[in-house]
Structures are given as structure tokens and as C-alpha cells.
Amino acid sequence: MAQIPLIELGRIYRRWEARGEIRGGYFIAGVSGEQFALPEAIGLLRSIRKTAASNGLIILSAADPLNLQGILTPGPRVAAFTANRISFRAGLPLAALEAGEIRKLSDDAVSDSQIETALRVGKLRPSLRPYYK
């Protein structure tokens with residue numbers, strides 16, 4: 001598969017934006033650079049801003065494309081293997097399960113046993129919503 005240079009992607013995205021196919025802007029605070037999204041994503045992002053924040057733990061497979069640990073969030077990367085997992089609370093990484101070992105990523109008030117249980121127990125259940133264009 002041929003790789004498209006980032007500068008060329010920018011041109012393509014701006015062309016799509018001019019045609020009204022996507023929206024460009026700065027939608028997510030703390031993420032540098034211009035961002036692009038489908039028009040219907042804007043409403044979803046705004047609705048998330050209006051909901052109350054949850055303090056529950058969120059567990060994400062390290063193989064998930066949303067694994068931005070060490071890229072957008074502070075700390076070292078977590079290898080993108082399906083057996084590896086990352087726990088988040090309020091959008092910040094707490095700990096990672098890598099090669100069967102738990103590594104703390106921050107000093108949060110969540111107990112070690114709670115983090116270990118969340119990272120080791122059960123399968124990850126995807127939270128999917130249907131999307132129709």
C-alpha cells in the first residue's frame with residue numbers, strides 16, 4: 001500500500017472540506033494541529049461535552065487504534081498487542097497490562113487491586129453504536 005505524504009493529505013482534506021464532505025477545525029482541546037471530521041461527528045462531540053464526566057475506569061485494548069498512550073498522553077508507549085490493556089480514568093492513563101505485568105502510569109487514588117481486577121478480569125466488551133451514512 002502506497003503511503004501518502006502528510007502534506008498531500010492536508011490538500012485532499014481541504015478539498016473535501018471545500019466540497020462540504022468533511023469539516024476542518026480544532027475540535028478536541030489539547031490535540032495540536034488541524035483536525036478533520038465527518039459533519040455528523042461534530043454534533044456527537046458537542047453532546048459529549050454536555051454530559052457529566054464519569055469517574056469509572058475504562059479499559060482499552062492496546063491494539064485499539066485509540067491507543068494513543070505515549071503519543072498524545074504522557075508517559076511511555078504501550079505495545080499494540082491484543083493481550084496488552086490500558087486503564088483510563090477521566091481520559092488519563094492509570095496503568096497498563098503488558099506481557100502479564102501491570103505498570104503504573106500515574107499516581108491516581110484508584111486502588112491497585114481495583115486496577116488489577118479491571119485489567120486482568122474478563123474480556124473487553126466493545127461499545128459499538130450503529131452508524132449509517
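Okay, so let's go over this structure.

Thresholds applied
- Residues numbered from 1 in each chain as written.
- Predicted model: local features only at pLDDT ≥ 70, side-chain atom pairs only at ≥ 80, totals over all residues.
- Heavy atoms only, no water.
- Helix = DSSP H or I, 4+ residues; strand = E, 2+ residues; numbered from the N terminus.
- Buried < 20%, exposed > 50% of the residue type's maximum accessible area, 1.4 Å probe, protein only.
- Areas by Shrake-Rupley, 256 points an atom, 1.4 Å probe, with all protein chains shown as cover.
- Phe/Tyr/Trp six-rings, centres within 6.5 Å; stacked < 30°, edge-to-face > 60°.
- Pairing = 2+ DSSP bridges.
- Salt bridge = Lys/Arg side-chain N within 4 Å of Asp/Glu carboxyl O.
- Axes fitted to C-alpha atoms, helices over the stretch in contact; angles between N-to-C directions.

As a further point, take the overall build of the protein. For the protein, the count of helices and strands is three helices and six strands. Sequence-ordered secondary structure for the protein, helices as α and strands as β, is α-β-β-α-β-β-β-β-α. Expressed as a percentage of its 133 residues, the buried residues of the protein come to 21%. For the protein, the exposed surface amounts to about 10000 Å²; the carbon and sulfur share of it is 59%.

Tallied over the full model, the rule gives two aromatic pairs. Taken together, a centroid distance of 5.8 Å and an interplanar angle of 45° make the contact between Tyr-13 and Trp-16 tilted. Taken together, the positions of Tyr-13 and Trp-16, both in helix α1 (residues 6–18) and three residues apart, correspond to about one turn of that helix. With a relative accessible area of 32%, Trp-16 lands in the partly exposed category. Consider the rings of Tyr-13 and Phe-36, whose centres lie 5.1 Å apart with planes at 50°: the pair is tilted. Linking Tyr-13 in helix α1 with Phe-36 in strand β2 (residues 35–37), this pair joins segments that are 23 residues apart in sequence. Put simply, the rings of Tyr-13, Trp-16 and Phe-36 pair up and form one aromatic cluster.

Our next topic: unusual backbone geometry. If you check the backbone angles, Ala-99 has positive phi at about 50° while not being a glycine. Within the secondary structure layout, Ala-99 lies in the loop between β5 (92–98) and β6 (101–104).

With that settled, consider the pairing of β6. Note: β5 against β6, four bridges, orientation antiparallel. Along β6, the bridge assignment pairs Ala-95 with Lys-104. The hairpin turn running from β5 into β6, its antiparallel successor, is two residues long, and Ala-99 in that turn takes a positive phi close to 50°.

So, on to the pattern of salt bridges. Considering all chains together, one arrives at five salt bridges under this definition. When the shortest N-O distance is used, the salt bridge between Arg-103 and Glu-98 registers 2.3 Å. You can call Arg-103 partly exposed: its relative accessible area is 26%.

Working definition: the strands of a sheet are paired by backbone hydrogen bonds and lie parallel or antiparallel to each other. The sheet built from four strands is open, its strands ordered β3-β4-β5-β6 with antiparallel pairing. The open sheet has two free edges, formed respectively by β3 (57–61) and β6, since each of these has just one partner strand. In this sheet, neighbouring strand axes are inclined to one another by 25° on average, regardless of whether the strands run parallel or antiparallel.

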